Amino acid sequence: RKEVEQDPGPFNVPEGATVAFNCTYSNSASQSFFWYRQDCRKEPKLLMSVYSSGNEDGRFTAQLNRASQYISLLIRDSKLSDSATYLCVVNILPFSGGYNKLIFGAGTRLAVHP
Amino acid sequence: EPEVTQTPSHQVTQMGQEVILRCVPISNHLYFYWYRQILGQKVEFLVSFYNNEISEKSEIFDDQFSVERPDGSNFTLKIRSTKLEDSAMYFCASREDAGSTEAFFGQGTRLTVV
């Protein structure tokens, strides 16, 4: 089983639509969670961290369900500029300490059209 | 805003040659990473580095790869004898700590092995 799995997409939506992305993770040592955005041939950039209580940043809402090992991202009122690949990222930090690493999902492509 | 810088932006090398990819992490960060992304594929973890030593490495990071922080500011990835399948975008990242803080990525070095 992959450590981080996402809907592959692509999602093709009109401007103004609401779109939701899902992500599941398998490693119980996962400690913190993020959504990154990656534009074509560019580096990943943080969109938002994901907190247990859920959090919102403008049109973006992230949810975390630790029991189900599930993370989601909701984008409301989609803009053309939201077109990108959205990466679910999990920070693996064993309780014994030591190493840590960020593991990326394969990403979900979003294309917003006029 | 502080940023991670990588050089060169693009490197073309012949198969079997050694390459060194350079990164300057954000100055107060303590954790450093290399990732690679083959065109059209996911971002893959290579190695994490803390306190002047490797803290974890993936299966991809075999004996052909090495990392170094020679002078307290640069963080380098060396590939000793490049193969065609090493062609990819290589991203350097740094974080302030190992927990909930985001990782900042450099703009990447596109390595093309011919």
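Given the structure is predicted, the values throughout are model-derived calculations rather than measurements.

## Regarding the overall build of chain A
Of regular secondary structure, chain A possesses 0 helices and 11 strands. Listing each helix as α and each strand as β along chain A from the N terminus yields β-β-β-β-β-β-β-β-β-β-β. Against the compact-globule benchmark of 13 Å for 114 residues, chain A has a radius of gyration of 14 Å, which places it among compact chains. Referenced to the eigenvectors of the C-alpha coordinate spread, the extents of chain A come out at roughly 50 × 30 × 25 Å. Considering only residue pairs separated by 6 or more positions, chain A has 58% of its internal contacts joining residues 24 or more positions apart. Taken as a whole, chain A presents about 5400 Å² of accessible surface, with 50% of it coming from carbon and sulfur. The positive charge centre, built from 12 side chains, and the negative charge centre, built from 10, are 5 Å apart in chain A.

## Quick notes on the sheet that holds strand 7 (residues 60-65) of chain A
All names here are of chain A. Taken in spatial order, the 5 strands line up as 1-3-8-7-6 in an open sheet, and their pairing is antiparallel. Where the open sheet ends on each side, the last strands, each with one partner, are strand 1 (4-6) and strand 6 (55-57). Across the sheet, the mean angle from the axis of one strand to that of its neighbour is 15°, orientation sign disregarded.

## Quick word on the interface of chain A and chain B
Chain A puts 20 residues into the contact, and the matching count from chain B is 24 residues. In this assembly, chain A packs against chain B so that about 1900 Å² is buried in total across both faces, 55% of it on carbon and sulfur atoms. When the buried area of chain A at its contact with chain B is split by residue, A:R41, A:N100 and A:F104 rank highest and sum to 29% of it. A:K101 is paired through a salt bridge with B:E56; the nearest N and O atoms lie 3.1 Å apart. Counting the contacts that link chain A with chain B gives 6 residue pairs in polar contact (both at pLDDT 80 or more). For the side of chain A that touches chain B, a count of residues per class yields 11 nonpolar, 5 polar and 4 charged.

## Focus on the state of the cysteines
All names here are of chain B. Considering all chains together, one arrives at 2 disulfides over all chains under this definition. With a sulfur-sulfur separation of 1.9 Å, C23 is cross-linked through a disulfide to C92. Judged by the torsion about the S-S bond (-65°), the C23/C92 disulfide is left-handed. With C23 in strand 3 (residues 19-24) and C92 in strand 9 (residues 88-95), the pair connects residues that are 69 residues apart, well separated along the chain. There is no split in this pair, since C23 and C92 are both buried.

## Observations concerning the side chain of A:N91
You can see A:N91 is positioned in strand 9 (residues 84-92). Taking relative accessible area as the criterion, A:N91 reaches 0% and is therefore assigned buried. Separated by 3.0 Å, the side chains of A:N91 and B:R95 make a polar contact.

Rules and cut-offs
Residues numbered from 1 in each chain as written. Chains lettered and ligands numbered in written order. Predicted model: local features only at pLDDT ≥ 70, side-chain atom pairs only at ≥ 80, totals over all residues. Heavy atoms only, no water. Helix = DSSP H or I, 4+ residues; strand = E, 2+ residues; numbered from the N terminus. Rg over C-alpha atoms; globule rule 2.2 N^0.38 Å. Contact = heavy atoms within 4.5 Å. Areas by Shrake-Rupley, 256 points an atom, 1.4 Å probe, with all protein chains shown as cover. Lys, Arg positive; Asp, Glu negative; His and termini not counted. Charge placed at Lys NZ, Arg CZ, Asp CG, Glu CD. Pairing = 2+ DSSP bridges. Axes fitted to C-alpha atoms, helices over the stretch in contact; angles between N-to-C directions. Buried area = accessible area lost by both parts, 1.4 Å probe. Salt bridge = Lys/Arg side-chain N within 4 Å of Asp/Glu carboxyl O. Polar contact = N/O pair within 3.5 Å; in protein donor to acceptor, adjacent residues only side chain to side chain. Nonpolar A, V, L, I, M, F, W, Y, C, P; charged D, E, K, R; others polar. Disulfide = S-S within 2.5 Å. Buried < 20%, exposed > 50% of the residue type's maximum accessible area, 1.4 Å probe, protein only.

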